[in-house]
Amino acid sequence: MTRVSLTTTLRDERLRPWVLLAPTLIVVGGLFGGALVQAGLGSVRPVRGAASSGVTLDAYRALLADPELPRSFALTVYLATASTLLAVVLGLGAALLLRRAAGRSRLVTAAFQLPLPIPHVVGALAVLALLGQSGLVSRVAGALGVVDGTAQFPALVFDPWAIGILVEYTWKEVPFIGIVALALLRSARVREHEQAARSLGAGGWQRLRHVTLPLVLPGVLSAAAIVFAFTFGAFEVPLLLGRSFPEALPVVAYRHHVDVDLASGPQAVALSLVMALIAFACVGAAMALARRRVRRD
Amino acid sequence: MASSRQLMAEPTRVAAPASAGRHPGDAAGRAWLRRVVVALLLVTLLLPLLPLAVSSVGQGYFFPQVVPETIGLRALRLILAPGAETWPALIDTVVLAGTVTLVALVIALPAGRALGLYRFRGRHTVEFLLLAPVLVPPIAVAIGLHGALLRVGLTGSMAGVVLVHLVPVLPYVVLVLAGTFANLDPDYEAQARSLGAGPVAVFRTVTLPAIAPGLATAAFFGFLVSWGQYALTLVIGGGQVVTLPILLFASASGGDTAVTSALAIFTAAPALLLLAVNAWAVTGRAVPIGGVR
Amino acid sequence: MTGIDLRRLSKRYGDDVAVDGLDRRIPPGRITALLGPSGCGKTTTLKLIGGLIPATEGTVDFDGQNMAGVTAERREAVMVFQDHLLFPYLTVGENVGFGLRMRGVGRRVRRGQVDTMLERVGLPGLADRRPQELSGGQRQRVALARALIIDPRVLLLDEPLTNLDPHLRDGMRELILEVQRDLQVTTVVVTHDQEEATVLADRVALLFDGRLAQVGTPRDLHDRPATASVARFLGSPNVLAGIRRGERVATPVGELTVPHGALTDGPVQVVIRPEAVVVAPSGGPNIVHGTVRAVRDLGARARLVVDVEAASITLDARPDALLALAVGSEVSLRLPAESLWAMPADHAAPDGGVGIDHEHAAAPARPSTDVPESPPPESPPIDRRSRTDIRRP
């Protein structure tokens, strides 16, 4: 009974979850943490042949000195913010609509999720084929005589407002937010609280404002944080649909990464690290906000 | 039967179906309007795939033709030809996504159990840390890991790409499984154990059937996350591991629009197929992706 | 005070019938309990009254006014849910003031009323807490305060005591009785617990499978069950099939004098409550002899199962019976005539289901209109006799 063996150690209920988590934590920690540490070291390591030795902040200095970087940063933040807002508003609206109109129809739910599994590369090309200057919308406009040639069609892709990129993100992320919201909306928790509110005299809009939204918002906010982080760091969509100046930060990082200039390597790594920290901070703040709003019992 | 009963009943108020409300016309109209808006929504979501489909079968598809002058299967034949690059890319993509999913499931199963069934200090921290790789830009992860993997000779190899794909896939799989385990009543396992089942028998006869739908969902998401991955494959694969998204991107820079469109549909088709199968067969209800719990 | 009339109220989900043609008046200003086993349609009925779900057929009237077109939010029939359903993102005070806010009452007025109401339910000074910080009992009180603050016409309570620990139930029960007495609000309580119904309600409506099985005072149901299934649900396992001839009923335990209940000659069922059986009587009529099959110590009393002829009698005796009566010992029992109650035999439901079909056959309207109504408790036994005679087809 007092024998201490490996099995009894494993059966210790306090240790048990950590034992179960160990493989995942090792893999994620090793790979992801490893990547961060590597990036941290790589960003301060002097370039071979350079005059300085030991630790150097040259890469960060070079980034700060880059006159194009602020505009890239602004573009990336704009893309992430705008597409997240669009996805939340439209996704939540779609979920509210689907709950009322589609019931539990699997067909409609499945169709709604359609864009989710489609790779972003495909999505970007689809948006190009739809909204590009020789895309379907432009052709329809041409056939109707609204425009005379491809050049007359307004630039919706490779444009200053990055409309093409926003459309692609919205197309992919509205279903994501929508499915998360729909699952919450269909829960018994939401339905019953709405009934309680009705019974207390809350009308349709009052229920939406005072009950439904406060109940689903924390979950939707978490999903929105994921959307923000994704659109902040996505690489292939701005590469395919964005203008060559300014470029989104992930594209800039990749350009540095493949640049033959030796000094570019640490800059790519430094920029990656900065992006990671920004994404982290934004999402951490959003989640803390969500948790403070509703402390679940 | 019902009518005779009503005839015999006292002739006071005849019950009107309460669901119709006071203005049945209004309610019906609104329901109809909602259905139209839903239809519009679904059409909008499908719309971007339409021009891809049209242009993939177009030959001499010049502005401002809306429908191509000649419809042909040239592009399809090109990408599906026996010697086409499509096939090795398809094999690479399937092998990659399959391996990543399998490895992730094996690692994630105990972790999902821990997060789903146990309340312990540090659980929220672990959940947040697991979410971290999903939140950090993949390109940043790839660039960060590139140096280390280069030193151990894993860049440009399938093994290296499998490893980096685990970074985004594993958290998804763990969090979906955590949700599944949270719905599992461990008393069933205790019941089986008290009836004399060993750990393996308990897992096979009680746990596995209970978590099977969640397992399928987790596998489904893991597979798709890996399938669509571009940045990680590009940086770590270094042109040696050519998956469908890599091939598609190269084709997009090449210039043959019809071939690119056909390849795009080809790249998306398995995902759509999987989604359809999943929607009907496995869960039958909306499952939030991304472990937002 | 609002009287409620349920008129052939039905709710079906596909082929499932949750509520089957309820036709009943719920008296104003009183507490009525809807009692029944789980899944009998009690909560559905409550939601139908509150307008939270649409009826498939039939109507709910408040003071003679058809409520079909009045949505739940304008019905002023407030439901207090079993799980309290306090809004987790609001404070206790905001929860209590919710209904006033929906009615456009200003913040300052609200605050005053909220404080008064919280005091009323015994939770003064908790307005700024979060619901999550309260105990289960406190949450249930907040839910009650939240309902009462809008001065509803009808108060609908769904299992108000079920989720509470036993030691909290008394307090909550007293609170409900107290505020109901003060406010005189028409109250409908759903419960599956006979004791709860007995203590809380002036009248009890017993529901089986979406139909009314019996309506009356708690005492009526207890002493004068309408059917064997009512008797069994209310805790009388002693249901004996028998043949009546005059005052005498031939049962498997012997011939008994049964002066009360169904008085038609022919097949009847006789019921006696376990606590009414007398052990080792000194003499008198209706004495049977049997062998003790089982003895159970229930703490405050002893439960015995005695085999008598082909049947068995379950009875509750004083705990000292535990010492005197061992399994296998012979015992005499008296089944006091005044405690025996005869019911019509179940034809349609031999298992003791809701069977009063011999009456339905001649009834023109829906079966539920024939719900046996027990007489008011103050009526003398002779009333029962005449009523039973009248009811005979």
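Residues numbered from 1 in each chain as written. Chains lettered and ligands numbered in written order. Predicted model: local features only at pLDDT ≥ 70, side-chain atom pairs only at ≥ 80, totals over all residues.

## Some words on the overall build of chain B
Then, number 1: Looking only at helices and strands, one finds 13 helices and 2 strands in chain B.
Then, number 2: Among the 293 residues that make up chain B, the fraction classed as buried is 45%.
Then, number 3: In chain B, the proportion of contacts linking residues at least 24 apart, taken out of those at least 6 apart, comes to 74%. (Helix = DSSP H or I, 4+ residues; strand = E, 2+ residues; numbered from the N terminus. Buried ≥ 20, exposed ≤ 12 C-beta atoms within 10 Å, placed from the backbone. Contact = placed C-beta atoms within 7 Å.)

## Here's the deal with the overall build of chain A
Then, number 1: Tallying secondary structure elements over chain A gives 13 helices and 0 strands in all.
Then, number 2: Seen in sequence order, chain A has helices and strands lined up from the N terminus as α-α-α-α-α-α-α-α-α-α-α-α-α.
Then, number 3: Burial status across chain A gives 49% buried among its 297 residues.
Then, number 4: Within chain A, counting contacts between residues at least 6 apart in sequence, those at least 24 apart form 71% of the total.

## Quick word on the interface of chain A and chain B
Then, number 1: With 83 residues of chain A at the contact, the number on the chain B side is 80 residues.
Then, number 2: Broken down by class, the residue content of the side of chain A that touches chain B amounts to 60 nonpolar, 17 polar and 6 charged. (Nonpolar A, V, L, I, M, F, W, Y, C, P; charged D, E, K, R; others polar.)

## Structural notes on the packing of helix 5 (residues 86-117) of chain B against helix 8 (residues 158-182) of chain B
All names here are of chain B.
Then, number 1: Where helix 5 contacts helix 8, the axes come no closer than 6 Å and their chain directions differ by 35 degrees. Considering the relative orientation of helix 5 and helix 8, their crossing is right-handed.
Then, number 2: Classifying every residue of the contact of helix 5 with helix 8 gives 23 nonpolar, 6 polar and 1 charged. (Axes fitted to C-alpha atoms, helices over the stretch in contact; angles between N-to-C directions. Left-handed = near helix turned anticlockwise from the far one by under 90°.)

## Here's the deal with the sheet that holds strand 9 (residues 203-208) of chain C
Residues and elements named next belong to chain C.
Then, number 1: Judged by pairing direction, the sheet is mixed, and its 6 strands sit side by side in the order 6-7-8-3-9-10 without closing on themselves. Across the chains shown, the open sheet's two edge strands, defined by having one partner strand only, are strand 6 (77-80) and strand 10 (211-216). Averaged over neighbouring strand pairs, the angle between their axes works out to 20 degrees when direction is ignored. (Pairing = 2+ DSSP bridges.)

## Section: the sheet that holds strand 12 (residues 248-251) of chain C
Residues and elements named next belong to chain C.
Then, number 1: The antiparallel open sheet is built from 5 strands, whose spatial order is 13-12-11-14-20. The sheet terminates laterally at strand 13 (254-257) and strand 20 (341-344), the two strands that pair on one side only. For this sheet the average axis-to-axis angle between neighbouring strands, irrespective of direction, equals 40 degrees.
Then, number 2: Bridge count for strand 11 (residues 239-245) against strand 12 is 3 bridges, and the pairing is antiparallel. Within strand 12, the position partnered with Arg 244 by the bridge is Val 249.

## A look at the nonpolar core
Then, number 1: In this structure, Leu125(A), Ile177(A), Val173(B) and Leu156(C) are the most contacted members of the largest nonpolar core, which totals 272 residues.
Then, number 2: Look past the residues within four positions of Ile177(A) in its chain and what remains in contact with it is Ala87(A), Val88(A), Gly91(A), Leu92(A), Val220(A), Ala223(A), Ala224(A) and Val227(A). (Core = buried A, V, L, I, M, F, W, Y, C linked by C-beta atoms within 7 Å.)

## Thoughts on helix 8 of chain B
All names here are of chain B.
Then, number 1: Over its 25 residues, helix 8 runs 35 Å from end to end, which matches the ideal 36 Å to within 8%, given 1.5 Å per residue.
Then, number 2: Of all the bends found along helix 8, the most pronounced is centred on Val 167 and spans about 45 degrees, while Pro 168, a proline, follows it within four residues.
Then, number 3: Of all 25 residues making up helix 8, 22 are buried, and the element is well covered by its neighbours. (Expected span 1.5 Å × (residues − 1). Bend = angle between axes of the 7 residues up to and from the residue.)

## Section: unusual backbone geometry
Residue and element names in this part refer to chain C.
Then, number 1: Located in the positive-phi region is Asp 63, a residue other than glycine, with phi close to 50 degrees.
Then, number 2: For Asp 63, the location among the structural elements is in the loop between strand 4 (57-62) and strand 5 (65-66).
Then, number 3: Unlike most non-glycine residues, Leu 85 shows phi in positive territory, near 50 degrees.
Then, number 4: As for its position among the elements, Leu 85 is in the loop between strand 6 and helix 3 (92-96).
Then, number 5: For Leu 85, a count of 24 C-beta atoms within 10 Å gives the class buried.

## What to know about helix 12 (residues 249-258) of chain A
Then, number 1: Of all the 10 residues making up helix 12 of chain A, 8 are buried; the element is thus mostly covered by neighbouring parts of the structure.
Then, number 2: Taken together, the buried positions of helix 12 of chain A are Leu249(A), Pro250(A), Val251(A), Val252(A), Ala253(A), Tyr254(A), His256(A) and His257(A).

## Re the confidence of the model for chain B
Residues and elements named next belong to chain B.
Then, number 1: Per-residue pLDDT for chain B has a mean of 81; in total, 85% of the residues score no lower than 70.
Then, number 2: Element-level mean pLDDT values for chain B span from 35 in helix 1 (residues 2-8) up to 94 in helix 5.
Then, number 3: Overall, residues 1-22 carries pLDDT values under 50, and its contacts beyond four positions in sequence, including any with other chains, amount to 22 contacts.
Then, number 4: A low-confidence stretch, residues 282-293 stays under pLDDT 50, and its non-local contacts, those more than four residues away or across chains, total 34 contacts. (pLDDT = per-residue confidence, 0-100.)

## A word on the pairing of strand 1 (residues 4-13) of chain C
Residue and element names in this part refer to chain C.
Then, number 1: Across the 10 residues of strand 1, 7 count as buried, placing the element largely inside the fold.
Then, number 2: The pairing of strand 1 with strand 2 (residues 16-26) spans 7 bridges and is classified as antiparallel. In the sheet register, Tyr 13 faces strand 2, and the bridge partner there is Asp 16.
Then, number 3: Hairpin connection from strand 1 to strand 2: 2 residues lie between these consecutive antiparallel strands, with Gly 14 at a positive phi of about 60 degrees.
Then, number 4: Relative to strand 4, strand 1 runs antiparallel, the two being bridged by 5 bridges. By the bridge assignment, Asp 5 is partnered in strand 4 with Asp 61.

## Here's the deal with the confidence of the model for chain A
Residue and element names in this part refer to chain A.
Then, number 1: Of all residues in chain A, 90% attain a pLDDT of 70 or more, and the chain-wide mean is 84.
Then, number 2: Element-level pLDDT for chain A is lowest in helix 1 (residues 6-11), with a mean of 49, against a maximum mean of 94 in helix 9 (residues 188-199).
Then, number 3: For the stretch residues 1-10, pLDDT sits under 50, and the model shows 2 contacts to residues farther than four places along the chain or on other chains.

## A look at the packing of helix 6 (residues 136-148) of chain C against helix 7 (residues 166-183) of chain C
Residue and element names in this part refer to chain C.
Then, number 1: Their axes nearest at 10 Å, the elements helix 6 and helix 7 cross at an angle of 10 degrees. For the element pair helix 6 / helix 7, the angle class is roughly parallel. Between helix 6 and helix 7 the crossing geometry is right-handed. Two secondary-structure elements touch here, helix 6 through Gly 137, Gln 140, Arg 141 and Leu 148 and helix 7 through Leu 168, Met 172, Leu 175, Val 179 and Leu 183.
Then, number 2: Classifying every residue of the contact of helix 6 with helix 7 gives 6 nonpolar, 2 polar and 1 charged. (Parallel < 35°, antiparallel > 145°, perpendicular 65-115°, else oblique.)

## What about the environment of Pro199(B)?
Then, number 1: Structurally, the position occupied by Pro199(B) is in helix 10 (residues 199-227).
Then, number 2: Taking the C-alpha atoms as reference points, Pro199(B) and Ala276(B), 77 residues apart in sequence, are found 35 Å from one another.

## Considering the pairing of strand 7 (residues 154-158) of chain C
Residue and element names in this part refer to chain C.
Then, number 1: Taken across its 5 residues, strand 7 has 5 buried, putting it largely inside the fold.
Then, number 2: Residues Val 154, Leu 156 and Asp 158 line one face of strand 7 and the alternating positions Leu 155 and Leu 157 line the opposite face, and both faces are buried.
Then, number 3: Relative to strand 8 (residues 186-191), strand 7 runs parallel, the two being bridged by 5 bridges. Looking across to strand 8, one finds that Leu 157 is bridged to Val 189.
Then, number 4: This β-α-β element, strand 7 to helix 7 to strand 8, shows right-handed connectivity. (Right-handed = clockwise from strand over helix to strand, strands pointing away.)

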